[in-house]
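Tertiary structure, described
This is what each chain is made of:
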Amino acid sequence: MTNIANDRSCGDCTACCDGWLKAEINGKKIHPGIGCEHADRGCGIYETRPVSPCRNFKCQWLLDPNMPEWMKPSRSKVILKGKQIWERPSSDVPAIVASSVGPKIPGKSKNWLLSYAEETGEVILCIEPVRDRKTYTGEQRKYAIGRADFVEEINQCVEEGREILVRSV
Ligand code: SF4
Ligand code: SF4
């Protein structure tokens, strides 16, 4: 069973329902710019919300008591997903994936991620949706925080236009 840290709850946070994580809810795709139709200061169909992804998904803030209160996604504007595998031809690196809530991860949150990576040795893959004027294009900006070798490899992938694939462990 998944443990929720410090009796935390989603409350009025709908960061993962608002399209910042690509998902399909009852057959309807959500993505940056298009959130779930049931999200409105909480879930409008909470009792009957789908098992996947809604009931199953728990962001890292819910699970990790070491994350401060202010890193709740509705405040920090970043959603952390615990260990993911970054797939590459040579080897797999478990990473934390940090998806921005909005076009960019705010500086204060990015600084926290930098310190966290430094203290724990974790590697973090940051994902931000590309916005052209007021429209999200569907593209993503990816960059890494953490160990130098990880940062270098992600930078190289981006430069060469290679896809960076991630999946849950
Ligand atoms: S981002 Fe986290 S805290 Fe916010 S609604 Fe989703 S699971 Fe709950
Ligand atoms: S159905 Fe509810 S929990 Fe699921 S994405 Fe929509 S608002 Fe969020």
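Here's the deal with the confidence of the model for the chain
The pLDDT averaged across the chain works out to 91; a share of 96% of its residues lies at or above 70. When pLDDT is averaged over each helix and strand of the chain, the minimum, 80, is found for strand E7 (residues 165-168) and the maximum, 97, for helix H3 (residues 73-76).

A word on helix H5 (residues 148-160)
For H5, which comprises 13 residues, the first-to-last C-alpha distance of 18 Å matches the rise-based estimate of 18 Å (1.5 Å per residue) to within 8%. Note on H5: the residue one or two positions beyond its end, Gly 161, has a positive phi of about 70°.

Some thoughts on the environment of Ala 15
Here Ala 15 lies in the segment before strand E1 (23-25). On the basis of neighbour counts, which here come to 25 C-beta atoms within 10 Å, the residue Ala 15 falls in the buried class. Measuring from C-alpha to C-alpha, the distance between Ala 15 and Cys 59 comes to 9.8 Å, with 44 residues separating the pair along the chain. Setting aside anything within four residues of it in sequence, one finds Ala 15 in contact with Trp 20, Pro 73, Ser 74, Ile 79 and Val 101.

What about the site of ligand 2?
Inspection of the region around ligand 2 gives Thr 14, Cys 17, Ile 25, Cys 36, His 38, Ala 39, Cys 43, Ile 45, Arg 49 and Cys 54 as its neighbouring residues. Of the residues contributing to the shell around ligand 2, the split by class is seven nonpolar, two polar and one charged.

Let's talk about the pairing of strand E5 (residues 124-132)
Two elements, strand E4 (residues 93-100) and E5, share four bridges in a ladder whose sense is parallel. Its bridge partner being in E5, Ser 99 is matched across the sheet by Ile 127. In the sheet, E5 pairs with strand E6 (residues 135-145) via eight bridges, with the strands oriented antiparallel. Paired with Ile 124 across the strands is Ile 145, a residue of E6. Joining the antiparallel neighbours E5 and E6 is a turn of two residues, in which Arg 133 adopts a positive phi near 55°.

What counts, and where the lines are drawn
Residues numbered from 1 in each chain as written. Chains lettered and ligands numbered in written order. Predicted model: local features only at pLDDT ≥ 70, side-chain atom pairs only at ≥ 80, totals over all residues. pLDDT = per-residue confidence, 0-100. Helix = DSSP H or I, 4+ residues; strand = E, 2+ residues; numbered from the N terminus. Expected span 1.5 Å × (residues − 1). Buried ≥ 20, exposed ≤ 12 C-beta atoms within 10 Å, placed from the backbone. Contact = placed C-beta atoms within 7 Å. Near = placed C-beta within 6 Å. Nonpolar A, V, L, I, M, F, W, Y, C, P; charged D, E, K, R; others polar. Pairing = 2+ DSSP bridges.

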